[in-house]
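# Structural description and commentary
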Amino acid sequence: MIKTTDSTEIQTADTDSVSTSESTPQIATTNIDNSLPTSIWIKNILLVVISILAMILFFVPKWAKKLRLPLLFISVIVLGFWQSAMLSVSQFIGWLHQGVPMEMQWGLLVVTFLSIALPLFTNKKFYCVYVCPFGGLQELAGHLKKNKYPVPLNVVKVLRIVRKAIFLAIVITFLAGMDLSIIGNLEPFSAFSISVAPLVASVIGIVSVILSIFITKPWCRFICPLGQGLDFFKTK
């Protein structure tokens, strides 16, 4: 009986020691999982740095003449193809539904603030002209051909009405509480993420860039609901 009791006590002690030793690394793992990935910091810092450079060019036109295109090229490569970090209608809809994850997307919040505040006080576009990777890609493609196809003024007026109608339809659909998840599959911004981009968004993106060779920034001027929304913050 004594041996049995000792054996039981030893087994219990062994079990406790094993349980204690196994629980220790679990606590350490939890701490590691709660840390913010370095890639998130890099993405946010790059967004802020490029936005600051864009703001400098925004306020110093003589520098913008020489440096805006190089900055757009950097935006296309860094914010577009590398980080896929840019504003979009689907992004704003997600924020309105789920809130803004401050730790994860504070860089986009800085860009959003500048994209609203600067046009509001200066009556000049900021994001679409100086930061947007897709707008930059269209503009760079446009430099492949100097002489553009002249879109008739009547057609331009109709297409601008269409652009406003698209934005208004999105707003009404959102206020009605209807599902707008399809927007993410239609905006060409997601085409920068080549391996996971929706097919429709990729097609729209490629067609828009090709058309930009012959027509000045067709997506930006005639379709983009994000640009239309930002235009409302211009005072005139």
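The structure reproduced in this document is the subject of the present report. Note that the structure is predicted; figures quoted are calculated from it, not measured.

Calculation notes
- Residues numbered from 1 in each chain as written.
- Predicted model: local features only at pLDDT ≥ 70, side-chain atom pairs only at ≥ 80, totals over all residues.
- Heavy atoms only, no water.
- Helix = DSSP H or I, 4+ residues; strand = E, 2+ residues; numbered from the N terminus.
- Buried < 20%, exposed > 50% of the residue type's maximum accessible area, 1.4 Å probe, protein only.
- Contact = heavy atoms within 4.5 Å.
- Areas by Shrake-Rupley, 256 points an atom, 1.4 Å probe, with all protein chains shown as cover.
- Axes fitted to C-alpha atoms, helices over the stretch in contact; angles between N-to-C directions.
- Parallel < 35°, antiparallel > 145°, perpendicular 65-115°, else oblique.
- Left-handed = near helix turned anticlockwise from the far one by under 90°.
- Nonpolar A, V, L, I, M, F, W, Y, C, P; charged D, E, K, R; others polar.
- Phe/Tyr/Trp six-rings, centres within 6.5 Å; stacked < 30°, edge-to-face > 60°.
- Patch = residues over 30% accessible without salt bridge, like charges linked within 9 Å, V, L, I, M, F, W, Y side chains within 5 Å.
- Salt bridge = Lys/Arg side-chain N within 4 Å of Asp/Glu carboxyl O.
- Core = buried A, V, L, I, M, F, W, Y, C linked by side-chain atoms within 4.5 Å.

Helix and strand counts for the protein come out as 12 helices and 0 strands. Counting from the amino terminus, the protein carries its helices and strands in the arrangement α-α-α-α-α-α-α-α-α-α-α-α. Expressed as a percentage of the 236 residues in the protein, the buried residues total 34%. In the protein, the share of contacts with a sequence separation of at least 24, taken over all contacts with a separation of at least 6, comes to 75%. Counting every atom, the protein has about 14400 Å² of accessible surface; 70% of that belongs to carbon and sulfur.

Looking now at the packing of helix 2 (residues 38-59) against helix 3 (residues 61-82). Between helix 2 and helix 3, whose axes approach to 9 Å, the crossing angle comes to 160 degrees. Relative to helix 3, the element helix 2 is oriented roughly antiparallel. Both helix 2 and helix 3 take part in a crossing whose hand is left-handed. Residues Ile42, Leu46, Leu47, Ile50, Leu53, Ala54, Ile56, Leu57 and Phe59 of helix 2 pack against Pro61, Trp63, Ala64, Leu67, Arg68, Leu71, Ile74, Ser75, Val78, Leu79 and Trp82 of helix 3. Here the contact of helix 2 with helix 3 is built from residues that sort into 18 nonpolar, 1 polar and 1 charged.

Turning to helix 4 (residues 89-98), a few remarks are in order. Val89, Gln91, Ile93 and Trp95 are the residues of helix 4 that are buried. Contacts made by the buried residues of helix 4 are with helix 5 (102-122), helix 8 (153-175), helix 9 (183-186) and helix 12 (225-231). Directly beyond the C-terminal end of helix 4, a positive phi value near 85 degrees is found at Gly99.

Before going further, it helps to examine the packing of aromatic side chains. The full count for this structure, using the stated rule, is 10 aromatic pairs. For the ring pair Phe58 and Phe126, a centre distance of 5.7 Å and an interplane angle of 85 degrees mean the geometry is edge-to-face. Highlighted residues: Phe58 in helix 2 and Phe126 in the loop between helix 5 and helix 6 (127-131), separated in sequence by 68 residues. Each member of the pair Phe58 and Phe126 is classed as buried. Measuring from ring centre to ring centre gives 5.3 Å for Phe167 and Phe232, while their planes differ by 45 degrees; the resulting arrangement is tilted. You can see Phe167 sitting in helix 8 and its partner Phe232 sitting in the segment after helix 12, a full 65 residues away along the chain. The exposure class assigned to Phe167 is partly exposed, which follows from its relative accessible area of 22%. On the basis of relative accessibility, which here comes to 54%, the residue Phe232 falls in the exposed class.

The subject of this paragraph is a nonpolar patch on the surface. A contiguous nonpolar patch, built from Trp41, Ile45, Val49, Ile52, Leu53, Ile56, Trp63 and Leu67 and spanning about 720 Å² of accessible area, is present on the exposed surface. Counting residues per element, the ones that place at least two in the nonpolar patch are helix 2 and helix 3. Residue contributions to the nonpolar patch peak at 6 residues, all from helix 2. If you trace the backbone, Trp63 turns up in helix 3. Using a relative accessible area of 44% as the deciding quantity, one classes Trp63 as partly exposed.

Ranked by size, the top nonpolar core spans 38 residues in total, and within it Phe126, Tyr127, Tyr130, Phe189 and Leu226 carry the most contacts. Counting residues per element, the ones that place at least two in this core are helix 2, helix 3, helix 4, helix 5, helix 6, helix 7 (133-142) and helix 12. Setting aside anything within four residues of it in sequence, one finds Tyr127 in contact with Met86, Leu87, Val111, Ser115, Cys132, Pro133, Leu226 and Leu230.

Turning next to the packing of helix 7 against helix 10 (residues 199-212). Where helix 7 meets helix 10, the axes come as close as 7 Å, and the angle between the chain directions of the two elements is 40 degrees. Residues Phe134, Leu137, Gln138, Ala141 and Gly142 of helix 7 form the contact with helix 10, whose participating residues are Gly205, Ser208, Val209 and Ser212. A class-by-class count of the residues in the contact of helix 7 with helix 10 yields 4 nonpolar, 5 polar and no charged.

Bringing unusual backbone geometry into the picture now. In this structure, Ser84 takes a positive phi of about 50 degrees despite not being glycine. Within the fold, Ser84 resides in the loop between helix 3 and helix 4. Positioned with a positive phi, Asn123 is a non-glycine residue whose angle comes to about 65 degrees. Under the relative-accessibility criterion, Asn123 is labelled partly exposed at 23%.

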